[in-house]
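Now for the letters of each chain:
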Amino acid sequence: MEKKLFNLLKNIKSVDLSLKEKAYEHLDNLTKPPRSLGKLEEIAARIFAIQEGKVEPYPARIYTCAGDHGVVQEGVSPYPQEVTRQMVLNFLNEGAAINVLCKTSQVDLKVVDVGVKGEPFPQHKNLIQQKIRSGTGNIAIEKAMRKEECLKAIFLGIELASNAQKQGIKSLGTGEMGIGNTTSSTALYCAFLNLSPEETTGAGAGLDNQAIQHKIQIIKKALNLHSKTIKTQAPLEILSSLGGLEIACLTGLILGAALYKMPIVIDGFISTAAFVCAYKLEPKIKDYAFFSHLSAEKAHKQILEKVGAFPLLHLDMRLGEGTGAALALFLLQAAANIFNNMATFEQAGVASGK
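Just so we're clear, the structure is a prediction, and the values are computed from it rather than from any experiment.

Engineer: Please set out the pairing of strand β6 (residues 289-293) residue by residue, giving values where relevant.
Structural biologist: Among the five residues of β6, five are classified as buried, and the element is accordingly described as predominantly covered. For the crossover from strand β5 (residues 264-266) across helix α13 (residues 269-281) to β6, the handedness is right-handed. As judged from the two bridges shared by β6 and strand β7 (residues 311-313), these two strands associate in the parallel manner. Paired with Phe 291 across the two strands is Pro 311, which belongs to β7.

Engineer: Tell me what's going on with the side chain of Glu 176, and back it up with residues and numbers.
Structural biologist: Considering the arrangement of structural elements, one finds Glu 176 in strand β4 (residues 171-177). With no salt bridge to any partner, buried Glu 176 finds its closest opposite charge in Arg 318, at an N-O distance of 11 Å. A polar side-chain atom of Glu 176 sits 2.8 Å from a polar atom in the side chain of Asn 181. Excluding its chain neighbours within four sequence positions, the residues that come into contact with Glu 176 are Thr 64, Cys 65, Asn 181, Glu 246, Leu 250, Asp 267, Ile 270, Ser 271, Gly 320, Glu 321 and Gly 322.

Engineer: Break down the sheet that holds strand β2 (residues 108-115) for me, citing the residues and quoting the values.
Structural biologist: By definition, the strands of a sheet pair up through backbone hydrogen bonds, in either a parallel or an antiparallel sense. Read across the open sheet, the seven strands follow the order β3-β2-β1-β4-β5-β6-β7; overall the sheet is parallel. One side of each edge strand has no neighbouring strand; the edge strands of this open sheet are β3 (127-129) and β7. Across the sheet, the mean angle separating the axes of adjacent strands is 30 degrees when strand polarity is ignored. Here β4 runs beside β5; their pairing, made up of two bridges, is parallel. Considered in β5, the bridge of Leu 172 is made with Ile 264. Running at roughly 140 degrees to β4, helix α4 (residues 82-92) makes contact with β1 (60-67), β2, β3 and β4 of the sheet.

How each quantity is defined
- Residues numbered from 1 in each chain as written.
- Predicted model: local features only at pLDDT ≥ 70, side-chain atom pairs only at ≥ 80, totals over all residues.
- Heavy atoms only, no water.
- Buried < 20%, exposed > 50% of the residue type's maximum accessible area, 1.4 Å probe, protein only.
- Helix = DSSP H or I, 4+ residues; strand = E, 2+ residues; numbered from the N terminus.
- Right-handed = clockwise from strand over helix to strand, strands pointing away.
- Pairing = 2+ DSSP bridges.
- Lys, Arg positive; Asp, Glu negative; His and termini not counted.
- Salt bridge = Lys/Arg side-chain N within 4 Å of Asp/Glu carboxyl O.
- Polar contact = N/O pair within 3.5 Å; in protein donor to acceptor, adjacent residues only side chain to side chain.
- Contact = heavy atoms within 4.5 Å.
- Axes fitted to C-alpha atoms, helices over the stretch in contact; angles between N-to-C directions.

Following this line, the structure appears as structure tokens:
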């Protein structure tokens, strides 16, 4: 299975960023001062390069992937583990923030059970049930998952991207749900980016200062336990040891988006951890990725700077679910509409100023 993954990664092509200049030729001929729409024009130009001559991010879809974390046993979250399951049901009943924002942005939403503890959920048209195991192991005392389970989750994410493309979806967004997943994400950042738990660990779902200090100690314990694996800098081994099933699935979704030449919008703190995992597996995925927002979670700004990413929004959000991606996908569509629907100077009979 590992060999199959690395063979698949060889098929990911670099985005031909020289195509952006052709896009800018068109954008500079629209009825506005050159580059006056700033990042919107940059978004349109990059989509043009990704889609090799088109700027069509919609229809768009967010996959909100859900999984439980054994490290919750260590008291790293103010919420009980049952909330993961309860929130999945809330997503399916269309009562969560991600539902509201997807409807507002006219983005399709699918929920994926990749590792929620407990029995299968009742069937639902927007639920994909592909549970690989019922929650991960406690990373402070054992590996999160076996490498084979991690690979299954990655391949599931690639399959989700493939299915979306076959269904006419043009771009994707990442979302997640999993009590305890800021702990796993923080451990991954420390392992991959040589950051310390002290500078990276935040409040997550709302920890006070004393609880944050406890969370730091648990992350240190996990990093020490898996130190030999971390020293290898082998992405699959590190993800298997410290990650989550939903993080591994999103890693596959990001790889799949690049494989099928689809723009993908990365949500916040946890989704960025999945991006880092995907980037470590295949750096060419970076040019397919747009980063929705700067999370209010501690160190997200530093992490984005380390991977050379520019967040589109800064709204002090730290919810997850894909909420930032839903907002940013609307920006992608706004940029596309500027590119495709705005009049040129010639069409409008306006002097260009050249």
